[in-house]
Amino acid sequence: MTVFIIRRLMQSAIVVFVMSFLVFGGVNIVGDPVEMMVSDEADQEERERVIKSMGLDKPWYIQYGKFVTNALQGDLGNSFVYGEPALQIIVQRMPATFELAFVSLLMSIIIGIPFGVWAGLFPERFSSKLIMSGSIVGFSLPTFWVGLMMIMVFAVMLGWLPSTGRGDTVIVFGMELSFFTPDGLSHIFLPALNLALFNTSLVIRLTRAGVREAIHMDYIKFARAKGLSYRRVIMVHLMKNIMIPVVTVLGLEFGGLIAFSVVTETVFAWPGMGKLIIESIQNLDRPIIVAYLMIIVLVFVVINLVVDILYSILDPRVRLQDVSS
Amino acid sequence: MSVKDTSPTLEVRNLQTHFFTKAGDAKAVDGVSFSVGKGEIMGLVGESGSGKSVTGFSIIGLVDPPGNVVGGEVLYNGKNLVGLPDEQMRQLRGNRIAMIFQDPMMTLNPVLRVDTQMVETILAHDPSVSKQDALARSRDALGRVGIPAPDERLRSYPHQFSGGMRQRVAIAIALLNKPDLIIADEPTTALDVTIQGQILYEAQKLCRETGTSMIWITHDLAVVAGLADSICVMYGGRVVEQGLINDVLDHPVHPYTRGLLGSVPGANSRGTRLYQIPGMAPSLLNLPQGCAFQARCPRADEACLVEPQITEPIAGRGVRCCHPHLNAEEEIGA
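**Focus on the side chain of Ser230 of chain B**
Next up, step 1: Looking at where Ser230 of chain B falls in the secondary structure, it is placed in strand S9 (residues 230–235).
Next up, step 2: Among the polar contacts listed, one links the side chain of Ser230 of chain B to the side chain of Glu40 of chain B, at a separation of 3.0 Å.

Below you can see the structure in the form of structure tokens.
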């Protein structure tokens, strides 16, 4: 297990390094930040002063070398727009995005698993068919449109829930969180539900497929032959087996939620990383974009590791070891 | 040596289990009757699709849709189990009537430890038992079926056992609540022959010691010959011949039983062509009019177009045939 984790961490380091190269290279080719930064009336001298101050006069490999050296020391450069360290700006926005992703993940589990189990146990019932059709809708409707409709219905027409912002927050473990105040909860509900829509549909379909497959297995019949209650057969014998694919997919989707909450954060004006990255792309704020992408890579790497470990807990047949592939 | 009790542990009367499929109604079990006395082992023999497994599941109430028990009675100690409320049936399952399945690789839940799977079987029927007592009973049960180091094995997962060991665990689970009846659905088919011998020996010993009755479902006549007290041969969802094991095997009366026995390769048939019953087992969806075996039977004639009833041409024997082999001197397989 320890060997496995160390090995995975080393692999991750390589992934992060390659990614840093790609990201830096990609961002360097796009656009000219100087155009954005300098006012139209600035003369050539002024322009050159700015270029020099941002280190843009050096060849790309020197810039990259400097970037890597600084990055290893936790310095991903100063934002062109804010003039503050890029990492610091992103880290400030991180709790909001993580909180949104986490609540949305929770929602998709709480809604998706019971519905999926129901649809799997009683596939012929009308309610199950309704659930399955609903999941197709959840898959196919674009997030931004659903978000706008939610705002229209619940915020504008009914006035039940606020449409933008985070509401009251409290500091928990040094992070600002909306989850623990009633006002914050009312603010997070709509964006989280919006973000959860796709994953809920995914969980419903995965769970249903798992139930349909596992219910005919001999071990389920044997569990029933042992005289166990229906509840125990479903909740323990069935659930533990179908959780394996669900956890795998949800783990990977959690990374996706963080990385792609961009649309939802924009629609609901949620002050997270996604909104920041959109603004930074518009401003060609290169250090922020690079820092953001690097953090997302790290998040994915960590999540994959956690999923592998969870997997071994759920399925005793999986032993974590370095598989030579 | 079986003690004939006046009241059998299990009596099945005219059991009918049908499967209502899109292709039509399959009469998987059609009018099966037999009884199993206390401590008695009955072999239920037949080809694949003869309805023997469905008979087992019908007794324990685990026939899944589209199947359904549509008629007959399953009398356990005189109480009819057909139509019994789910909760009462659940209390009997795994407690008074246990079942062992065919494939030991599939019967244990792969993600639960053996102790969990054993303890829950005890607690499902008696929640007042403490966890410690349940564990102790589980350990004893594992020891009884010949699993070494049961203390360690309790904490293992099923994939850490071999096939034979898993089947022993399944048998240990079936025995946990000291049931009156065990239905064993081809429990040794997936095991190799030496393991099969050990399992048979254990099963026979346990039945003798505890007075547990057993229905041993198999297609292997050699297994039944060494194990059972009585035998019931099924074909096309119906019982075609039943009686005490030695009577039936020594002097089979039904042409199908004779065919089955003739198909067993013997030590003195070396070098000769093996006997086989011509044709194939009929589809349950499309059984012929009258006797189900007529198309493959050397003795079939017009009389077989009418469904024969179970008769008792010899005392203690049931035969469903229009032309039974009542002459003891006829050669088997002819």
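**Thoughts on the packing of aromatic side chains**
Next up, step 1: As enumerated under the stated definition, the model contains 9 aromatic pairs over all chains in all.
Next up, step 2: Measuring from ring centre to ring centre gives 5.2 Å for Phe21 of chain A and Tyr64 of chain A, while their planes differ by 85°; the resulting arrangement is edge-to-face. Here Phe21 of chain A, found in helix H1 (residues 2–29), pairs with Tyr64 of chain A, found in helix H4 (residues 60–72); they are 43 residues apart in sequence, far enough to count as distant.
Next up, step 3: Exposure remark for Tyr64 of chain A: the relative accessible area of 10% places this residue in the buried category.
Next up, step 4: With a centroid separation of 4.5 Å and an interplanar angle of 55°, the aromatic rings of Tyr235 of chain B and Tyr256 of chain B are classed as tilted. Here Tyr235 of chain B is found in strand S9, whereas its partner Tyr256 of chain B is found in helix H11 (residues 255–263), with 21 residues between them in sequence.
Next up, step 5: Its relative accessible area of 3% is what places Tyr235 of chain B among the buried residues.

**As for the sheet that holds strand S1 (residues 10–21) of chain B**
All names here are of chain B.
Next up, step 1: Strand order in the open sheet formed by 4 strands is S2-S1-S4-S5, with antiparallel pairing between adjacent strands. With one partner strand each, in any of the chains shown, strand S2 (24–36) and strand S5 (79–80) form the two edges of the open sheet.
Next up, step 2: Of the strand pairs in this sheet, strand S4 (residues 67–76) and S5 are connected by 2 bridges, and their pairing is antiparallel. Of the residues in S5, the one forming a bridge with Leu75 is Asn80.

**What to know about the pattern of salt bridges**
Next up, step 1: Tallied over the entire structure, the rule returns 18 salt bridges over all chains.
Next up, step 2: One salt bridge connects Lys221 of chain A with Asp64 of chain B, and the closest N-O pair in it is separated by 3.8 Å. Taken as a pair, Lys221 of chain A in helix H9 (residues 218–225) and Asp64 of chain B in the loop between helix H1 (52–60) and S4 lie in two separate chains rather than in one.
Next up, step 3: Classification of Lys221 of chain A as buried rests on a relative accessible area of 18%.
Next up, step 4: Salt-bridge contacts for Arg13 of chain B lead to Glu11 of chain B; the nearest nitrogen and oxygen are separated by 3.4 Å.

The rules we used
Residues numbered from 1 in each chain as written. Chains lettered and ligands numbered in written order. Predicted model: local features only at pLDDT ≥ 70, side-chain atom pairs only at ≥ 80, totals over all residues. Heavy atoms only, no water. Helix = DSSP H or I, 4+ residues; strand = E, 2+ residues; numbered from the N terminus. Polar contact = N/O pair within 3.5 Å; in protein donor to acceptor, adjacent residues only side chain to side chain. Phe/Tyr/Trp six-rings, centres within 6.5 Å; stacked < 30°, edge-to-face > 60°. Buried < 20%, exposed > 50% of the residue type's maximum accessible area, 1.4 Å probe, protein only. Pairing = 2+ DSSP bridges. Salt bridge = Lys/Arg side-chain N within 4 Å of Asp/Glu carboxyl O.

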